[in-house]
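Structural features, examined
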Amino acid sequence: MSTLALAFDLGGTELRGALVERSGEVVARVSEPTLAGAGSEAVIGQIIVLAGKLLDEHPQARVIGIGACAPGPLDPKAGIVIGPPTLAGWHNVPMIDILSRQFGLPVRLENDANAAALGEWRFGAGRGAASMVFVTVSTGIGGGVIADGHIYHGRRGLAAEIGHMTITGEGDRCFCGNVGCFEAVASGTALGRRATRLTAPGDGSLLRRLSRDGDVSARHVVEAARTGDAAAFGLVEAEAKWLGIGFTNLLHLYSPEVIVMGGGLANGFDLLAPGIRTTIDERAMQAYRDVPIVPAELGDRAGLVGAASLILWEGEPGTALAMVQNDEIKTGGPAGSREANHG
Ligand SMILES: [Zn+2]
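Presented here is an overview of the structure given in this document. (Residues numbered from 1 in each chain as written. Predicted model: local features only at pLDDT ≥ 70, side-chain atom pairs only at ≥ 80, totals over all residues. Heavy atoms only, no water.)

**Here's the deal with the overall build of the protein**
Scanning the protein for helices and strands turns up twelve helices and twelve strands. Expected size for 343 residues packed as a compact globule is a radius of gyration near 20 Å; at 21 Å, the protein falls within 12% of this value. Along the first, second and third principal axes, the C-alpha set of the protein runs to 65 × 45 × 40 Å. Each of the 343 residues in the protein was classed as buried or not, and the buried ones make up 52%. The contacts in the protein between residues at least 6 apart in sequence include a share of 62% that link residues at least 24 apart. For the protein, the exposed area adds up to about 14500 Å²; of that, 52% sits on carbon and sulfur atoms. With 28 positive and 37 negative side-chain charges, the protein shows a separation of 2 Å between the mean positions of the two kinds. (Helix = DSSP H or I, 4+ residues; strand = E, 2+ residues; numbered from the N terminus. Rg over C-alpha atoms; globule rule 2.2 N^0.38 Å. Buried < 20%, exposed > 50% of the residue type's maximum accessible area, 1.4 Å probe, protein only. Contact = heavy atoms within 4.5 Å. Areas by Shrake-Rupley, 256 points an atom, 1.4 Å probe, with all protein chains shown as cover. Lys, Arg positive; Asp, Glu negative; His and termini not counted. Charge placed at Lys NZ, Arg CZ, Asp CG, Glu CD.)

**Side note on the coordination of the zinc ion**
Here the zinc ion is held by His 164 (ND1), Cys 174 (SG), Cys 176 (SG) and Cys 181 (SG), and the distances to it run 2.1 to 2.3 Å. For the zinc ion, the four donor atoms are set out with angles of 103 to 123° between them, so the coordination reads as tetrahedral. Mapping the donors of the zinc ion onto the primary sequence gives the spacing H-x9-C-x1-C-x4-C. Of the two residues, His 164 is situated in the loop between strand S10 (150-151) and helix H4 (182-186) and Cys 176 in the loop between S10 and H4; the sequence distance between them amounts to twelve residues. A residue is classified by how much of its surface remains accessible, and Cys 176, at 41% relative accessible area, is partly exposed. (Donors = N, O, S within 2.8 Å, 3.2 Å for Na, K, Ca; no water. Tetrahedral: all angles 85-135°; square planar, octahedral: opposite > 155°, others 65-115°.)

**A few points about the nonpolar core**
Residues Val 135, Val 221, Leu 243, Phe 247 and Met 261 are the most contacted members of the largest nonpolar core, which totals 42 residues. The greatest single-element share of this core, amounting to nine residues, is contributed by helix H8 (residues 230-254). Once you skip the residues sitting within four places of it in the chain, Met 261 turns out to touch Val 135, Val 137, Leu 243, Phe 247, Ala 266, Phe 269, Leu 272, Ile 276, Val 294, Pro 295 and Ala 296. Membership of the second largest hydrophobic core comes to 30 residues, among which are Val 43, Leu 54, Ala 61 and Val 63. (Core = buried A, V, L, I, M, F, W, Y, C linked by side-chain atoms within 4.5 Å.)

**Some words on the pattern of salt bridges**
As enumerated under the stated definition, the model contains eleven salt bridges in all. A salt bridge links Arg 16 to Glu 14; the shortest N-O distance between them is 3.0 Å. What makes Glu 14 partly exposed here is its relative accessible area of 28%. A salt bridge links Glu 297 to Arg 127; the nearest nitrogen and oxygen atoms lie 3.6 Å apart. One end of the pair, Glu 297, is in the loop between strand S12 (293-295) and helix H10 (302-312); the other, Arg 127, is in the loop between helix H3 (112-123) and strand S8 (132-137), with 170 residues separating them in the sequence. Residue class for Glu 297 comes out partly exposed when judged on its relative accessible area of 48%. Taken together, the shared-partner salt bridges in this structure form one network comprising Asp 9, Glu 14, Arg 16, Arg 29 and Asp 300. (Salt bridge = Lys/Arg side-chain N within 4 Å of Asp/Glu carboxyl O.)

**Details of the sheet that holds strand S11 (residues 258-262)**
With mixed pairing, five strands are arranged side by side in an open sheet as S10-S9-S8-S11-S12. The open sheet has two edge strands with one neighbour each: S10 and S12. Inspection of the sheet shows S11 paired to S12 by three bridges, in the parallel sense. Residue Met 261 lies in a different strand from S12, and its bridge partner there is Pro 295. (Pairing = 2+ DSSP bridges.)

**Re unusual backbone geometry**
A cis geometry characterises the amide bond from Gly 72 onward to Pro 73, with omega recorded as 0°. Structurally, Pro 73 can be placed in the loop between strand S4 (62-70) and strand S5 (74-75). Here Asp 213, not a glycine, exhibits a phi torsion of approximately 65°, which is positive. Residue classification places Asp 213 among the partly exposed positions, given a relative accessible area of 39%. Of note, the phi angle at Ser 255 is positive, near 40°, even though the residue is not glycine. Looking at the element boundaries, Ser 255 is found in the loop between H8 and S11.

**Overview of the sheet that holds strand S1 (residues 3-10)**
Strand-to-strand pairing in sheets goes through backbone hydrogen bonds, with the strands running parallel or antiparallel. In spatial order, the strands read S3-S2-S1-S4-S7; together these five strands make up an open sheet with mixed pairing. The sheet terminates laterally at strand S3 (26-33) and strand S7 (107-111), the two strands that pair on one side only. Mean inter-strand twist for the sheet, computed between neighbouring axes without regard to direction, equals 15°. Relative to S7, S4 runs parallel, the two being bridged by five bridges. Along S7, the bridge assignment pairs Cys 69 with Glu 110. Sheet strands in contact with helix H1 (residues 40-57) are S1, strand S2 (14-21), S3 and S4, and its direction is about 145° off that of S3. With respect to the sheet, H3 is in contact with S1, S4 and S7, its orientation differing from that of S7 by roughly 100°. (Axes fitted to C-alpha atoms, helices over the stretch in contact; angles between N-to-C directions.)

**Digging into the side chain of Thr 34**
Mapped onto the fold, Thr 34 is located in the loop between S3 and H1. Here Thr 34 falls in the buried class, since its relative accessible area comes to 10%.

**Focus: the environment of Ala 7**
Within the secondary structure layout, Ala 7 lies in strand S1. Distance from Ala 7 to Asp 56, taken between C-alpha atoms, is 15 Å for residues 49 residues apart in sequence. With residues up to four places along the chain from it excluded, the contact list for Ala 7 reads Arg 16, Gly 17, Ala 18, Val 20, Gly 67, Leu 304 and Ala 308.

Everything listed is a geometric property; what it means functionally is a separate question.
Here it is as structure tokens:
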């Protein structure tokens, strides 16, 4: 059996684990609901149990390390999960230290959006691009930026919180407390909210029939728009415009070769794409307008394979400075030598 990494994608609702090959192939996969309210020790206990399960089922596996991703804010350089809003009782948890002591293997950590960006870049829709922006549009909006062959981290690894760039001065308040965040106006949640406000229980609209007179979700909107429902189509057009405005900002900021859109709303990508393109053509400067906007290819395994690649592709294009610095701390060696290898 080839060389493998153990990969974990720790989410607020689901904890996923996998054995992943260098090619991005997932050899085995396990998951269970995250004990999100039980604190960090309980969840790390879950990770250890899932790892044991994967290794027991594949005793021949040559596992060379562990790549993990978790919700931000998270410091990949220090290996610390700072305090995600979706995980109760997590405050500055030294995840790399804990897991490397437990397993005696090298451990790398990345925030979930960056890991998914790495996955799509190395194995999915962003293959071959030197610069790429990955945007995940679902309950919220997250993202990761590949800039000139590296994941772009910024101070403490906190860069690319693209869901919280301000793109309008009004509208609903974002969970971050601000008004007009990209996420607050363009996430799947925001689309569902607009659809819910546009309709009323018992009004007989297709949207309310699909939602059984409950709150309308983004999924209902996409489903209704596919049947040609005019109200749903109008909502999709408005959504595409907000996404197009956000994407225009990303084009101007990072000049990627491609923008990859993932997340639950990517299921409606074909419906959204024309409106996104129109908005970009209206708003982006000429030199940026020909950049392709494409749907993600890896679905919910993007984070797992991206996290695994932190181990399996280390030292190759895309290895972050953060990882090199982390090695330097452990081995006392210079960061410069390895950095030079992929310059
Ligand atoms: Zn916000």
